[in-house]
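# Architecture at a glance
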Amino acid sequence: METWIPGASRGFDGLVAESSTRRLSVVPALVPATEAGAPSAAGFELEAGLADVLTLDRRRAAGGGDEQAMFLDTVAEYQWARDVAGLAPSTLERLVGPVLEVCEHFEVVPWRLTARDVDRYFAGPGRRSTSTVRRKLNAIDGYFVFLEQRYAGELARRFDVRVESPVDRFNRPRHRGDFGLRVPPSRRAMREFFASWRAWLPQARKPLVACRDYVMAKIAYVSGVRAAELCAVRLADVHWEAGQWGRFVVQGKGARGSGPRQRMAYLFADGRSLLWWYVEEVRGLFPDDVEHPDAPLWPSERLSPVAASLGIDGPGLALAPGTFGRALKAAGERFLPPPGGALFPHLLRHACATHNYEAGMSLWEVQKLLGHEWTTTTVRYLATAHADPEQAALAASDRAVQRLQGNTGRLQ
């Protein structure tokens, strides 16, 4: 019996199966191969942005056997479970992508995969950067944890297989700091960079876009927020009355599967004056409805295709992090003083942490500024901070001597 749940979250179509029969499943980004292209292992292939309701009858018509049907059901229910846990829609899509990728390559269902299969794939056709391979292997391992806990018994009874993750202790990825050492520009170089960029703004081919990119970069440097967090900020998220100089709400990326975590980011004096000028003089010149409650703080210069075709006033499209990154890279190549180097949004975050720490901000305050849960994460951002432990020890000794000299009259 089919049950319809209106308004299902995360963009799913809201069809839920009866647990005893599992006749309906929602599998985002899967369509029958007979409709979309070459057949895959399970008779289905990826197609971005499409959610298709699959019935058992349609699966049989597409040529898939019982194992393929079971595979698609587990994929759908795994995404449902992670959706209930509060993961973002983009994260849900990445959870099962590596599983489908490897299974399609070997034309098997996941419980038929072996550790040797995974090794052969990621050492050969699936070889990518270390961080990408690590992410994909972790996603595969997470899916197998779900299979072991919820379907191990059923798979053993129906197909006489033992569910065991192909990611074992030999090929399990370990984070060994392969992100490399990020060396941010000096405080003086950043001052010269932003001064040169601002002086160039009147000469830009698109002054409106150039002003937006400049203000975004300066706010990213002052506040230390990530590019994705900054691009998602709405006008309504800015609270001018909060704190001493105002703050704005960002959707943090979360950690350990917790989902997005909201936090308040800081503007400080420089950021407040600059953002106030941008909102008053620049933001209203973009073609979208600036009064809409969902209007982005950093809009794209283009309206959504639907709104543009229908002439509907509404919130504009938020600027994509990749677009912001390309604008920052181009500005760095043009205005960053020697020795220069590539400038990207996360390097601004490192520069914010390093320069504030060198200016006297404590480690706890830098941790609060960046929105980190653990101090050990913040310490990695300060790898290039100028520090002199010997000088710090001498200063501490001087302070101790001064306290003793001031208290000599009270010593017994």
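Let me begin by describing the structure that accompanies this report. (Residues numbered from 1 in each chain as written. Predicted model: local features only at pLDDT ≥ 70, side-chain atom pairs only at ≥ 80, totals over all residues. Heavy atoms only, no water.)

### With respect to the overall build of the protein chain
Quick note on the threshold: Numbering of helices and strands runs from the N terminus, with a helix taken as a DSSP run of H or I at least four residues long and a strand as a DSSP run of E at least two residues long. Note on exposure labels: buried denotes an accessible area under 20% of the residue type's maximum, exposed denotes more than 50%, and partly exposed covers the range between, all computed with a 1.4 Å probe on protein chains only. The contact definition used throughout considers only heavy atoms, calling two residues in contact when any of these lie within 4.5 Å. Areas reported as accessible are Shrake-Rupley estimates using a 1.4 Å probe. Residue values count occlusion only from the protein chains shown.
Helices and strands together make up the secondary structure of the protein chain, namely 17 helices and seven strands. By the burial criterion, 43% of the 412 residues in the protein chain qualify as buried. For the protein chain, the proportion of contacts with a sequence separation of at least 24, taken over those separated by at least 6, is 57%. For the protein chain, the accessible area works out to roughly 22,800 Å², and carbon and sulfur atoms hold 52% of it.

### Regarding the sheet that holds strand β7 (residues 261–266)
Just so we agree on the cut-off: The pairing criterion for strands is at least two bridges between them, as found by DSSP.
If you walk across this open sheet you meet the three strands as β5-β6-β7, and the pairing is antiparallel. The two strands at the open ends of the sheet, each matched to only one other strand, are β5 (238–239) and β7. Pairing analysis gives two bridges linking β5 to strand β6 (residues 247–252), with the strands arranged antiparallel. Counted as the bridge partner of histidine 239 is arginine 247 from β6.

### A few points about helix α7 (residues 152–159)
Filter applied, for reference: Arc definition: directions from the helix axis to the C-beta atoms.
Of all the residues in α7, the buried ones are Glu154, Leu155 and Phe159. Axial view of α7: buried residues confined to an arc of 95°, hence all on one face. Where α7 is buried, its residues touch α3 (66–84). Note on α7: the residue one or two positions beyond its end, aspartate 160, has a positive phi of about 55°.

### So, the side chain of serine 165
Heads up, the rule is: Under the rule applied, a polar contact is a pair of N or O atoms within 3.5 Å (in protein, one hydrogen donor and one hydrogen acceptor; residues adjacent in sequence only if both atoms are side-chain atoms).
Assignment of secondary structure puts serine 165 in the loop between α7 and α8 (187–200). Residue serine 165 is classed as buried on the basis of its relative accessible area, which comes to 15%. A polar contact of 2.8 Å, which involves the side chain of serine 165, links it to the side chain of aspartate 141. Discounting chain neighbours no more than four positions away, the residues touching serine 165 are Asp141, Phe144 and Glu148.

### Considering the nonpolar core
Put simply, the rule reads: Remark: nonpolar core denotes a set of buried residues (Ala, Val, Leu, Ile, Met, Phe, Trp, Tyr, Cys) joined through side-chain atoms within 4.5 Å.
Phe193, Trp197, Phe248, Leu275 and Trp298 are the most contacted members of the largest nonpolar core, which has 42 residues in total. For this core, the secondary-structure elements that each account for two or more residues are α8, α9 (207–223), α10 (227–231), β6, α11 (268–281), α13 (321–335) and α14 (345–358). By size, the runner-up hydrophobic cluster in this structure holds 33 residues, among which are Tyr78, Val133, Leu147 and Val161.

### Description of the environment of aspartate 141
Relative to the helices and strands, aspartate 141 resides in helix α6 (residues 130–150). Counting along the chain gives 27 residues from aspartate 141 to aspartate 168, while the straight-line C-alpha distance between them is 8.8 Å. With residues up to four places along the chain from it excluded, the contact list for aspartate 141 reads Ser165, Val167 and Arg172.

### Quick notes on the pattern of salt bridges
Going by this rule: We define a salt bridge as a side-chain nitrogen of Lys or Arg found within 4 Å of a carboxyl oxygen belonging to Asp or Glu.
Across all of its chains, the model carries 15 salt bridges by this definition. Of the charged contacts, one joins arginine 172 and aspartate 141 as a salt bridge, the two residues approaching to 2.5 Å between their closest N and O atoms. Taken together, the residues arginine 172 in the loop between α7 and α8 and aspartate 141 in helix α6 connect sequence positions 31 residues apart. Classification of arginine 172 as partly exposed rests on a relative accessible area of 33%. Judged by relative accessible area, which is 15%, aspartate 141 ranks as buried.

### Focus on the packing of helix α4 (residues 89–106) against helix α5 (residues 115–123)
Rules: Helix axes use the C-alpha atoms of the stretch in contact, all axes being lines fitted to C-alpha atoms, and the angles between their N-to-C directions lie in the range 0 to 180 degrees. Here the word oblique covers every angle except those under 35 degrees (roughly parallel), over 145 (roughly antiparallel) and from 65 to 115 (roughly perpendicular). Each residue is assigned to one of three groups, with Ala, Val, Leu, Ile, Met, Phe, Trp, Tyr, Cys and Pro labelled nonpolar, Asp, Glu, Lys and Arg labelled charged, and all others, Gly among them, labelled polar.
One way to put it is that α4 packs onto α5 with a least axis distance of 11 Å and a crossing angle of 95°. In terms of axis orientation, α4 runs roughly perpendicular to α5. Contacts from Glu101, Val102, His105 and Phe106 in α4 reach Asp117, Arg120, Tyr121 and Phe122 in α5. Considering only residue class, the contact of α4 with α5 consists of four nonpolar, one polar and three charged.

### A short note on the environment of leucine 147
With respect to the helices, strands and loops of the structure, leucine 147 is situated in helix α6. The sequence separation of leucine 147 and tryptophan 111 amounts to 36 residues, and the corresponding C-alpha distance is 8.7 Å. Setting aside residues up to four positions removed in sequence, leucine 147 forms contacts with Thr74, Trp111, Ala152 and Val163.

### Brief notes about α14
Selection criterion: To estimate the expected span of a helix, count its residues, drop one, and scale the result by 1.5 Å.
For α14, spanning 14 residues, the distance from its first C-alpha to its last is 20 Å, which sits close to the expected 20 Å at 1.5 Å a residue. Burial analysis of α14 places 10 of its 14 residues in the buried class, the great majority of the element. Turning to α14, its buried residues are Pro345, Leu347, Leu348, Arg349, His350, Ala351, Cys352, Ala353, Thr354 and His355. Of the residues trailing α14, glycine 360 is marked for its positive phi of about 115°.

### A closer look at the layout of surface pockets
The test is simple: Using a grid of 1 Å spacing that covers the protein atoms alone, one calls a set of points a cavity when a 1.4 Å probe fits there but cannot get out, and a pocket when the set is open and has protein on both sides within 12 Å along at least five of seven lines; lining residues are those with an atom within 4 Å of a point. Grid points are joined across faces, edges and corners, and a volume is the space filled by probe spheres set on the points.
Computed from the structure, the second largest pocket encloses a volume of approximately 450 Å³. Along the wall of the second largest pocket there are 20 residues; nearest its centre are Lys206, Val209, Ala210, Asp213 and Ala327. The set of elements that each furnish at least two residues to the lining of the second largest pocket consists of α8, α9 and α13. Of all the elements, α13 adds the most residues to the lining of the second largest pocket, at seven residues.

### Some words on the packing of aromatic side chains
This is how it is decided: Geometry of aromatic contacts follows a simple scheme: Phe, Tyr and Trp rings, the Trp one being its six-membered ring, pair when their centres are within 6.5 Å, and the pair is stacked under 30 degrees between planes, edge-to-face over 60, tilted otherwise. Consider the ring centre and the ring normal. A charge sits over the ring if Lys NZ or Arg CZ is within 6 Å of that centre and within 35 degrees of that normal.
Across all of its chains, the model carries 19 aromatic pairs by this definition. Considering the side-chain rings of tryptophan 240 and tryptophan 276, the 4.9 Å spacing of their centres and the 75° angle between planes classify their relative orientation as edge-to-face. Placement of the pair is tryptophan 240 in the loop between β5 and β6 and tryptophan 276 in helix α11, with a sequence separation of 36 residues. Overall, the relative accessible area of 42% leaves tryptophan 276 in the partly exposed class. Among the aromatic side chains, those forming a connected cluster through ring pairs are Phe193, Phe194, Trp197, Trp200, Tyr214, Tyr221 and Phe335. Lysine 218 extends its terminal NZ or CZ atom over the ring of phenylalanine 194, reaching a point 5.4 Å from the ring centre.

Everything listed is a geometric property; what it means functionally is a separate question.
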